[in-house]
Amino acid sequence: MKLVKNIAILFLFVPLLVIVSCDDGLVEINENPNGVESSVVDPNLLISSVMTGLATSTTSRGYGGDTGAAAQYTQKDSWSSNRYDWETGSIWNSNYGLLRTNKVAYERAVELGLPFHEGVTLILKSMLFGNLTDYYGDIPYTQALQGNDLEGERPAYDTQEAVYKGIIADLETASGLLGASSYEGVIADQDVFYGGDASKWQKLANSLALRYYMRLSEKLPAFAQTGVTATLAKPLISEIDDELVLSYIGGIDSQSWPNSGQFGTASDFYRVKPCTTITDKLKELEDPRIAVWFAPVAVPTKVVPAAEVPGGGDIAEEDGVRYINEETLAANNYAIYSPATYSADAQADKKLIDTSSVYVGLPVAVSSIDPYEYNLNAEGSRGGTNAYVSRMNEVFNQKDDGGNLLKSRLFSFAELSFLKAEAAVRGWGSDAEGNYLAGIQASFDVWGISDDYATYITNPGVTFDGTLEMVMEQKWIANIFNGDEAYMDWRRTGLPDLSAGPFAREDVMPLRFIYPSDELDNNSANNSVGAASLEETSYGSTDPDDSPYSRPWIVQGVANPW
């Protein structure tokens, strides 16, 4: 049976699990009221549901969700969260649900003496808890998922520092478990990431440890440096084939790229727009990836002298181009979009006109309401179309696999290369330029534009200058649609320089999600301890006890991001 790194069509939690089919590598996991009990279930049958749940939830957030908006890859023009008035987010419930399934798989692996599965489940545990502490701060960790073992007590919160260090310890344990040449009990088809290849899992464990050591670079620099230096000597992701990815094979909604308009309504696709933060940067760098990710605007706009407006009026469209009389701008309170002035213009209640000839993005938090009328879209309506703003490339609106481009990219070779470049810039590793260039090359390769690499790296703003700013900028671009990592990099380093936008809730970007109401209601005593560890800021005065703008431990006492 041919193994395909694919997406399972349902992500189920124990004990109600059964495998119903496996055709062309597609693992289907469905509910069954007569399913296998958790005490006897094969861990192979559980890990695939954890993998697919982790992958699809990460990409859903990072493409058209809150972390995609936070990383400023996309903005929505309808039903948006562009203003960064963050609440709980989806990570808490989805990740703890997956962790419950993963815990059963781990316990069965230990019981059955299956070190491969022990290592894999420790890695999955680390990634899931990593998301949670990244976004919330202190969380239930040591006592999480224990259920009846707590004898009616609620799980205590561990400090964010303890969680990060526990994650790193688990990853190092996993690496040791995955160093053998052969393993018993592995069903390759159930491993939708690596097909049962332990060496690739070991590289991932080490690479994730590198990621989390670097996560602590500003808060615990000595600890981070020691860990980074030691980890760089271990087997790491070393080529594209080692990447942690999951392909969207298409065919049905749950196997297709998020926000596709092919299975729900067309507006699911239309309302996700490229953000000007990234389109402006890609245009500035003459970056060919812009054509892979975004579509040219259907109707470009030109501001011209009155004599050049077809028909002699103030505004007209002809041959697919819209013309606006330049003499009418002031009278109509129009302003031409510029990255440097758009925020002030929007706050002055001016109507912005983007005259970009090919790619027109949607600026960050450009309106106090859903910005479906942006760029003088007079026919705009919530969930409707806007011919004057670019869409995402049609590859993201397919029923099939988009020519093998559509993948949940959880850890890429590009990211690993940029981590190594950052380590070198900090003096913790070597060959900053070589690793920087390898990261760009890897990104071009996976998006199918390898032939453009040699020219691109000579462009102004791309040729390496030895700075951390340049490494983090290219890492941000390469991590597109992995909003989690891009946002965490920004929070850690302040790079790239992301602004909240004119109509954001506050003048700065948020730092975290707030705890879910269920925790406040059902675990209030422990939750209050976790919330008390947050450091209040002037931006969280309306919700001081648990604010998106409160500083969790990792950004307390550090200069970044603000």
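Since this is a predicted model, take the numbers as computed values, not measurements.

> Describe the overall build of the protein chain, listing the residues and the values that go with them.
Of the regular secondary structure elements, the protein chain holds 18 helices and 13 strands. Here the protein chain has a C-alpha radius of gyration of 24 Å; the compact-globule value for 562 residues is 24 Å, and the two agree. Counting only C-alpha atoms, the protein chain reaches 80 × 55 × 50 Å along its principal axes. A total of 562 residues make up the protein chain; the buried ones form 59% of that total. Across the protein chain, contacts joining residues at least 24 apart in sequence account for 69% of those joining residues at least 6 apart. For the protein chain, the exposed surface amounts to about 21,200 Å²; the carbon and sulfur share of it is 48%. The averaged location of the 77 negative side-chain charges in the protein chain is 1 Å from the averaged location of its 39 positive side-chain charges.

> Break down the packing of helix 4 (residues 115-136) against helix 5 (residues 160-177) for me, with residues and values.
Following both chains from N to C, one finds helix 4 and helix 5 inclined at 160°, their axes separated by 8 Å at the closest point. Taken together, the axis directions place helix 4 and helix 5 in an arrangement best described as roughly antiparallel. Every pair of crossing elements has a handedness; the one defined by helix 4 and helix 5 is left-handed. Taken together, the residues of helix 5 that come into contact with helix 4 (itself represented by Pro115, Glu118, Gly119, Leu122, Ile123, Lys125, Ser126, Phe129, Gly130, Thr133 and Asp134) are Gln160, Val163, Tyr164, Ile167, Asp170, Leu171, Thr173, Ala174 and Leu177. Tallied by class, residues from the contact of helix 4 with helix 5 come to 10 nonpolar, six polar and four charged.

> How would you summarise the nonpolar core if you had to cite specific residues and measurements?
If you look at the biggest cluster of nonpolar residues, it comprises 147 residues, and the most contacted ones within it are Ile123, Phe193, Trp201, Trp293, Phe396 and Tyr436. With 11 residues, helix 4 is the largest single contributor of residues to this core. Listed in part, the five residues of the second largest apolar core include Val304, Val309, Val321 and Tyr323.

> For the packing of aromatic side chains, give the residues involved together with the corresponding values.
Per the counting criterion, the structure on display carries 36 aromatic pairs. Taking the centre distance of 5.6 Å and the plane angle of 40° together, the rings of tyrosine 63 and phenylalanine 396 count as tilted. Placement of the pair is tyrosine 63 in helix 1 (residues 44-64) and phenylalanine 396 in the loop between strand 12 (351-353) and strand 13 (407-411), with a sequence separation of 333 residues. Ring plane angle 15° and centroid distance 6.3 Å describe the contact between tyrosine 136 and tyrosine 515, whose orientation is recorded as stacked. Taken together, the residues span a long stretch of sequence, with tyrosine 136 in helix 4 and tyrosine 515 in the loop between helix 16 (483-493) and helix 17 (517-522) at a distance of 379 residues.

> Summarise helix 6 (residues 198-215); cite the residues concerned and give the values.
Here helix 6 spans 25 Å end to end across 18 residues, near enough to the 26 Å set by a 1.5 Å rise per residue. Judged by how many residues are buried, helix 6 sits mostly within the fold: 17 of 18 residues are covered.

> Run through the confidence of the model for the protein chain, naming residues and quoting values.
Residues of the protein chain with pLDDT of at least 70 account for 93%, and the chain-wide mean is 92. Within the protein chain, the lowest mean pLDDT, 30, falls on strand 1 (residues 18-23), and the highest, 99, falls on helix 12 (residues 413-425). In this model residues 1-34 is a low-confidence stretch, pLDDT under 50, and it forms 103 contacts with partners more than four residues away in sequence or in other chains.

> Any details on unusual backbone geometry? Residues and values, ideally.
Backbone geometry follows two general trends: most residues other than glycine have a negative phi, and most peptide bonds adopt the trans configuration. Each neighbour pair has its own omega, and for leucine 495 with proline 496 the value is -10°, a cis peptide bond. On the secondary structure map, proline 496 appears in the loop between helix 16 and helix 17. The step from asparagine 560 to proline 561 runs through a cis peptide bond, and the omega angle for that step is 0°. Looking at the secondary structure, you find proline 561 in the segment after helix 18 (524-532). With a phi close to 65°, aspartate 349 is a non-glycine residue in the positive phi region. With respect to the element layout, aspartate 349 can be found in the loop between helix 11 (342-347) and strand 12. Given a relative accessible area of 61%, aspartate 349 falls into the exposed group.

> Can you tell me about the sheet that holds strand 10 (residues 321-325), naming the residues and giving the values?
Spatial strand order, 8-10-9: three strands in an open sheet with mixed pairing. Each having just a single partner strand, strand 8 (301-304) and strand 9 (315-318) make up the two edges of the open sheet. Across the sheet, the mean angle separating the axes of adjacent strands is 25° when strand polarity is ignored.

> Could you give an account of the pattern of salt bridges, with specific residues and numbers?
Taken as a whole and assessed by the stated rule, the structure comprises 28 salt bridges. Two residues, aspartate 134 and arginine 215, come together in a salt bridge whose shortest N-O distance is 2.9 Å. Of this pair, aspartate 134 sits in helix 4 while arginine 215 sits in helix 6, and the two are 81 residues apart along the sequence. By the burial criterion, aspartate 134 is buried, and arginine 215 matches it. One network of salt bridges, in which partners are shared, links Glu218, Glu422, Arg426, Lys475, Asp489 and Arg492.

The rules behind the values
Residues numbered from 1 in each chain as written. Predicted model: local features only at pLDDT ≥ 70, side-chain atom pairs only at ≥ 80, totals over all residues. Heavy atoms only, no water. Helix = DSSP H or I, 4+ residues; strand = E, 2+ residues; numbered from the N terminus. Rg over C-alpha atoms; globule rule 2.2 N^0.38 Å. Buried < 20%, exposed > 50% of the residue type's maximum accessible area, 1.4 Å probe, protein only. Contact = heavy atoms within 4.5 Å. Areas by Shrake-Rupley, 256 points an atom, 1.4 Å probe, with all protein chains shown as cover. Lys, Arg positive; Asp, Glu negative; His and termini not counted. Charge placed at Lys NZ, Arg CZ, Asp CG, Glu CD. Axes fitted to C-alpha atoms, helices over the stretch in contact; angles between N-to-C directions. Parallel < 35°, antiparallel > 145°, perpendicular 65-115°, else oblique. Left-handed = near helix turned anticlockwise from the far one by under 90°. Nonpolar A, V, L, I, M, F, W, Y, C, P; charged D, E, K, R; others polar. Core = buried A, V, L, I, M, F, W, Y, C linked by side-chain atoms within 4.5 Å. Phe/Tyr/Trp six-rings, centres within 6.5 Å; stacked < 30°, edge-to-face > 60°. Expected span 1.5 Å × (residues − 1). pLDDT = per-residue confidence, 0-100. Pairing = 2+ DSSP bridges. Salt bridge = Lys/Arg side-chain N within 4 Å of Asp/Glu carboxyl O.

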